There are 2 protein chains.
Amino acid sequence: MGATVRDPVTSHRVLDHALTLFAERGYHGTALSEIAGALGVRTPSLYNHMRSKHELLESIVDTTTAGVLADFHAVHDEGGEPPDVLYRAARVYAHRHATHRREALVVNRDTSSLDEPVRGAMQARRREHEHALRAVISEGVERGVFHVESPALASFAIRELCVSIARWFSEDGPLSADQVADQYAGFALRIVGCAPDS
Amino acid sequence: MGATVRDPVTSHRVLDHALTLFAERGYHGTALSEIAGALGVRTPSLYNHMRSKHELLESIVDTTTAGVLADFHAVHDEGGEPPDVLYRAARVYAHRHATHRREALVVNRDTSSLDEPVRGAMQARRREHEHALRAVISEGVERGVFHVESPALASFAIRELCVSIARWFSEDGPLSADQVADQYAGFALRIVGCAPDS
DNA sequence: TACGGTCACTAACGAGCGTTAGTCAGCCCA
DNA sequence: TGGGCTGACTAACGCTCGTTAGTGACCGTA
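Residue indices follow the written sequence of each chain, beginning from 1 at its first position. Lettering of chains starts at A and numbering of ligands starts at 1, both following the order in which they are written. With pLDDT at 70 or above as the cut-off, local features in this predicted model cover only qualifying residues; side-chain atom pairs require 80 or more to be listed or tallied, and sums for whole chains, interfaces and linings still use all residues. Side-chain measures here rest on the full set of heavy atoms in the structure, leaving out hydrogens and waters.

Structural notes on the packing of helix α3 (residues 53–76) of chain A against helix α5 (residues 101–109) of chain A
Residue and element names in this part refer to chain A. Which entries qualify depends on this criterion: Angles shown run from 0 to 180 degrees and are taken between the N-to-C directions of axes, each axis being a line fitted to C-alpha atoms and, for helices, limited to the stretch in contact. In DSSP terms, a helix is any run of H or I states spanning at least four residues, a strand is any run of E spanning at least two, and both are numbered starting from the N terminus. Roughly parallel here means an angle under 35 degrees, roughly antiparallel means over 145, roughly perpendicular means 65 to 115, and every remaining angle is called oblique. Any two residues whose heavy atoms approach within 4.5 Å at even a single point are treated as in contact. The residue classification treats Ala, Val, Leu, Ile, Met, Phe, Trp, Tyr, Cys and Pro as nonpolar and Asp, Glu, Lys and Arg as charged. All others, Gly included, are polar.
In contact at an axis separation of 10 Å, α3 and α5 are set at 110° when each is read in the N-to-C sense. On the basis of their axis angle, the class for α3 and α5 is roughly perpendicular. Contacts from Leu57, Ile60, Val61, Thr64 and Thr65 of α3 reach α5 at Glu103, Val106 and Val107. Across the contact of α3 with α5, the residue classes tally to 5 nonpolar, 2 polar and 1 charged.

What to know about the protein's contact with DNA strand D
The following threshold applies: One heavy atom within 4 Å of a molecule or strand is enough for the residue carrying it to be called near that molecule or strand. Each polar contact in these results corresponds to two N or O atoms within 3.5 Å; when the atoms are within protein, one needs to be able to donate a hydrogen and the other to accept it, and residues that are neighboring in sequence are counted only if both atoms are side-chain atoms.
In the vicinity of DNA strand D there are 16 residues, among which Leu32, Tyr47 and Lys53 of chain A together with Arg42 and Ser45 of chain B approach most closely. For DNA strand D, the backbone makes up 71% of the atoms found within 4 Å of the protein, where backbone means sugar plus phosphate. Leucine 32 of chain A places a polar main-chain atom, nitrogen or oxygen, 2.9 Å from a phosphate oxygen of DNA strand D. Serine 45 of chain B places a polar side-chain atom, nitrogen or oxygen, 3.0 Å from a phosphate oxygen of DNA strand D. By residue class, the composition of the surface near DNA strand D is 7 nonpolar, 6 polar and 3 charged.

Looking at the packing of aromatic side chains
Our working rule: Here a pair means two rings of Phe, Tyr or Trp (six-membered ring of Trp) with centres within 6.5 Å. Their orientation is stacked below 30 degrees between planes, edge-to-face above 60, and tilted elsewhere. Exposure classes here rest on a 1.4 Å probe applied to the protein chains alone. A residue is buried below 20% of its type maximum, exposed above 50%, and partly exposed in between. Placement of a positive charge over a ring is assigned whenever Lys NZ or Arg CZ falls within 6 Å of the ring centre and within 35 degrees of the normal to the ring plane.
Under the counting rule described, the total for this entry stands at 10 aromatic pairs over all chains. Aromatic pair phenylalanine 22 of chain A and tyrosine 27 of chain A: ring centres 5.2 Å apart, planes at 75°, arrangement edge-to-face. Its relative accessible area of 6% is what places tyrosine 27 of chain A among the buried residues. For the pair tyrosine 184 of chain A and phenylalanine 187 of chain A, a centre-to-centre distance of 5.3 Å together with 55° between the ring planes defines the contact as tilted. In this pair, tyrosine 184 of chain A and phenylalanine 187 of chain A both sit in helix α9 (residues 177–191), 3 residues apart, roughly one turn of the helix. Here tyrosine 184 of chain A and phenylalanine 187 of chain A have matching classes, each one buried. Each member of the aromatic cluster is reached from another via a ring pair, and the members are Phe156 of chain A together with Trp168, Phe169, Tyr184 and Phe187 of chain B. For the cation-ring pair, lysine 53 of chain B lies above tyrosine 27 of chain B, with the distance from its terminal atom to the ring centre recorded as 4.5 Å.

Observations regarding the domain arrangement of chain A
When the parts of a complex come together, some accessible area is lost, and that lost area is often taken as the interface size. Residues and elements named next belong to chain A. The criterion, for reference: Note that domain bounds follow an automatic or database assignment of domains. In what follows, salt bridge is the name for a side-chain nitrogen of Lys or Arg lying within 4 Å of a carboxyl oxygen of Asp or Glu.
Split by domain assignment, chain A resolves into domain 1 (11–48) and domain 2 (54–191). Distance from the C-alpha centre of domain 1 to the C-alpha centre of domain 2: 27 Å. Taken together, the contacts link 14 residues of domain 1 with 12 residues of domain 2. The interface formed by domain 1 and domain 2 holds 1 salt bridge in total. As a salt-bridge pair, arginine 102 and aspartate 16 come within 3.1 Å of each other at their nearest N and O atoms. The interface formed by domain 1 and domain 2 holds 6 residue pairs in polar contact (both at pLDDT 80 or more) in total. Per-element accounting of the side of domain 1 that touches domain 2 gives the leading share, 10 residues, to helix α1 (residues 11–25). Looking at the side of domain 1 that touches domain 2 residue by residue, the class counts come to 8 nonpolar, 3 polar and 3 charged.

Concerning α5 of chain A
Listing the buried residues of α5 of chain A in full gives Glu103, Ala104, Val106, Val107 and Arg109 of chain A. Buried residues along α5 of chain A sit against α1, α3, α4 (82–99), α6 (118–142) and α8 (165–168) of chain A together with α5 (101–109) of chain B.

Re empty space enclosed by the protein
Our working rule: Think of a 1 Å grid over the protein atoms and nothing else: a 1.4 Å probe that fits but is trapped marks a cavity, an open set flanked by protein within 12 Å on at least five of seven lines marks a pocket, and residues with an atom within 4 Å of a point count as lining. Grid points are joined across faces, edges and corners, and a volume is the space filled by probe spheres set on the points.
For the structure on display, the rule yields 2 cavities of 30 Å³ or more. The calculated volume of the largest cavity comes to roughly 80 Å³. Lining the largest cavity are 14 residues, and of these Gly26, His28 and Asp110 of chain A together with Gly26 and Asp110 of chain B sit closest to its centre. When grouped by side-chain class, the residues that make up the lining of the largest cavity number no nonpolar, 8 polar and 6 charged. The volume enclosed by the second largest cavity comes to roughly 40 Å³. In terms of lining residues, the second largest cavity is bounded by Phe72, Ala89, Ala90, Tyr93, His129, Leu133, Ile158, Arg159 and Cys162 of chain A.

So, in structure tokens, the structure goes:
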């Protein structure tokens, strides 16, 4: 048999393996030597495909939080009544956390390791998402279709509920990402006291 | 004025400052020198009050997960119908995550840094809590008082919902731990499709 | 065949980590 | 007054980390 050939190392593959290991052991708990090892390469070779370990974390956080906001605005722009908007917003947020588990785990765990300005940008995006979702809930409450004492509390609950999917979801489990997202979007409506149509 | 006297360093205070810093920066992200600095002491002096950095993490995880189970069994043993049991179980779990934020953050973040047998013991306790809560939900579904497609999914949702309180709760916020716990226990009942009595 | 670019390598760095050893000041109690 | 315990200190250890420098093998192109 011929010599086994290693897959070519690209910046994309470096980021991918970093993502897996950061999600598993945390940013500080992951050594560059482990990322290199997973790629079948020595540590300094990584620097042909990245600028620093920190840059890996920053790019993960940056693209992920930007994606969350883009998702939200996409479904929000479709319009509709508060229950429809909330359902779609929760659904897409839940779905992302099932299909992008590693990204979510890293963002929610290693934010404190970020420096400015990336950290501030991330918090701003998080706040924007939070306030936008809260506005949807508040509107539903005003229209009498949602029933919660505190829209802020319900917003926290729904967001964190979806985030937590990343902590237990498995592609090999009994439910697909779509199924879980649907169920969780239903939970979101229940949390705000909106009775299902069916 | 006289010389300022430093509070006496005790193993309890070491653990307390470790808890704060672990929760803030993560286990691997916290250096013993930072814990020592917070106590106004040099790093090696810590070893008069602890055995190792790892032991700090282990004792945090151990006492916290044991406390969660003790809480659950206490309210479970009071008996009652599934809605009552679920409400109380969610309430005490939520309450703990508001009053023991740091512990919860560390347990949910740095579990992967544990070695056996502590890690296995922690997972076993987590599974026990998970299965016990799921059993309550399943019973409610069988009796027709809860309405969920998957008790497992609802159980995950409720547990993680409560856990997430640790991520945003503040003692200085508008709601007390008791108020948040009550609201979240209500969310739990809504998630399982159990209409409120009032 | 000669050239230039790509990229993995070895070697080495400075810094920081957790931890241990050994010293010494302060205190309680006989 | 003296002895022993407590506990903080300095110094130093071995190790691992992220990162840089410099070398050379490979490969497509002229």
